[in-house]
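The chain contents come next:
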Amino acid sequence: MNNRIAIILSVIFHPLILTTYLFALLFMLSPELVGVSALELPALGSLLLLLCLNTFIAPALVIYYFQKLGIISSLYVDDLAERRLPYLACIIIYALATYLFGWQLEPIGELAPQISIILGSVTVSLALMTVITLFWKVSAHATGIGGAITMLAGLMIRSGEPSIFYPLLVTIVIAGWLLSARLHLNAHTPAQILVGFVCGVFVSSMAVYFFF
């Protein structure tokens, strides 16, 4: 793997965009698992766009302005000390999104409480990473992809929905490429990737076990 491919993989599967990918997969393949089976395609598209705005565009803009203001030196936020404030900002944004989709956005809050559960699990993952980041650098890419894999696997096992199986396999392959890319770029050590992956797996598995 050369540097260009590793960088492309790191950007395309950035932790912030993984939430949108996950919802897109669930909306297309198993809308009943997330409570949106009653919605028509235009409504699903609007809902996915709103989720993308809240979980990707908003935090990405905040990180961009942090870089413009000199709070962080790079959009990649590779420096450990610089990660804490962006992570805290992302926690706040995701917590607000969880509240919005769970309690304020009607009728989504009643029809599809699963959306806020998934958003809440991402918020908890971010909080866990932020706590670890106070002492040690951990891979956000690994946490994100680990959480996505576990959420898909958990929902498939809980529901017996076969349509998730092949997307799950593809996600596992992508995870291998992505984590290899992070190692190739020397962005993380194997231990940092392992801990990040375990964080994502743990939080998502708890979310599926207790709330689905």
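S.K.: Explain the overall build of the chain residue by residue, including any values.
M.R.: Per the secondary structure count, the chain includes nine helices and zero strands. Listed N to C, the secondary structure of the chain is α-α-α-α-α-α-α-α-α in terms of helices and strands. By the compact-globule yardstick of 17 Å for 212 residues, the chain fits well, its C-alpha radius of gyration being 17 Å. With the principal axes as the frame, the chain shows a C-alpha extent of 45 × 35 × 30 Å. Buried positions account for 48% of the 212 residues belonging to the chain. For the chain, the proportion of contacts with a sequence separation of at least 24, taken over those separated by at least 6, is 75%. Within the structure as shown, the chain displays about 10500 Å² of accessible surface, and the carbon and sulfur contribution to it stands at 73%. The centroid of the 7 positive side-chain charges in the chain is displaced by 18 Å from the centroid of its 8 negative side-chain charges.

S.K.: Could you give an account of helix H7 (residues 140-159), naming the residues involved and the relevant values?
M.R.: The end-to-end C-alpha distance of H7 is 28 Å, a good match for the 28 Å that 20 residues give at a rise of 1.5 Å each. Counting buried residues along H7, 16 of its 20 residues qualify, which places the element largely inside the surrounding structure. For H7, the side-chain oxygen to backbone nitrogen distance between the N-cap and His141 is 3.5 Å, and the N-cap itself is Ser139. Gly160 sits one or two positions beyond H7 and adopts a positive phi of about 70°.

S.K.: Provide a residue-level description of the nonpolar core, including the pertinent values.
M.R.: Core analysis: the largest hydrophobic core is formed by 56 residues, its most contacted members being Leu26, Phe27, Val36, Leu47, Leu51, Ile115 and Leu119. Breaking this core down by element, the ones donating at least two residues are helix H1 (3-12), helix H2 (15-29), helix H3 (41-68), helix H4 (80-104), helix H6 (113-133), H7, helix H8 (165-184) and helix H9 (190-211). Examining the composition of this core, we find that nine residues originate from one element, H7, more than from any other. Once you skip the residues sitting within four places of it in the chain, Val36 turns out to touch Phe27, Pro31, Leu44, Leu47, Ala112 and Ile115.

S.K.: If you had to explain H1 to someone new, which residues and values would you point to?
M.R.: When H1 is considered as a whole, its buried residues turn out to be Ala6, Leu9 and Ser10. The buried residues of H1 all sit within an arc of 100° when viewed along its axis, so they share a single face. Looking at the packing, one finds that the buried side of H1 touches H7 and H8. The N-cap of H1, judged by a side-chain oxygen 3.2 Å from the amide nitrogen of Arg4 a few residues on, is Asn2.

S.K.: Can you tell me about the packing of H6 against H7, naming the residues and giving the values?
M.R.: Viewed as axis vectors pointing N to C, H6 and H7 meet at an angle of 150°, and their least axial separation amounts to 11 Å. Regarding the angle of H6 to H7, the classification is roughly antiparallel. The handedness of the crossing between H6 and H7 is right-handed. Contacts between H6 and H7 involve Ile118, Ser121, Ser125 and Met129 from the first element and Ala140, Thr143 and Met151 from the second. Split into classes, the residues belonging to the contact of H6 with H7 amount to four nonpolar, three polar and no charged.

What counts and what doesn't
- Residues numbered from 1 in each chain as written.
- Predicted model: local features only at pLDDT ≥ 70, side-chain atom pairs only at ≥ 80, totals over all residues.
- Heavy atoms only, no water.
- Helix = DSSP H or I, 4+ residues; strand = E, 2+ residues; numbered from the N terminus.
- Rg over C-alpha atoms; globule rule 2.2 N^0.38 Å.
- Buried < 20%, exposed > 50% of the residue type's maximum accessible area, 1.4 Å probe, protein only.
- Contact = heavy atoms within 4.5 Å.
- Areas by Shrake-Rupley, 256 points an atom, 1.4 Å probe, with all protein chains shown as cover.
- Lys, Arg positive; Asp, Glu negative; His and termini not counted.
- Charge placed at Lys NZ, Arg CZ, Asp CG, Glu CD.
- Expected span 1.5 Å × (residues − 1).
- Polar contact = N/O pair within 3.5 Å; in protein donor to acceptor, adjacent residues only side chain to side chain.
- Core = buried A, V, L, I, M, F, W, Y, C linked by side-chain atoms within 4.5 Å.
- Arc of directions from axis to C-beta.
- Axes fitted to C-alpha atoms, helices over the stretch in contact; angles between N-to-C directions.
- Parallel < 35°, antiparallel > 145°, perpendicular 65-115°, else oblique.
- Left-handed = near helix turned anticlockwise from the far one by under 90°.
- Nonpolar A, V, L, I, M, F, W, Y, C, P; charged D, E, K, R; others polar.

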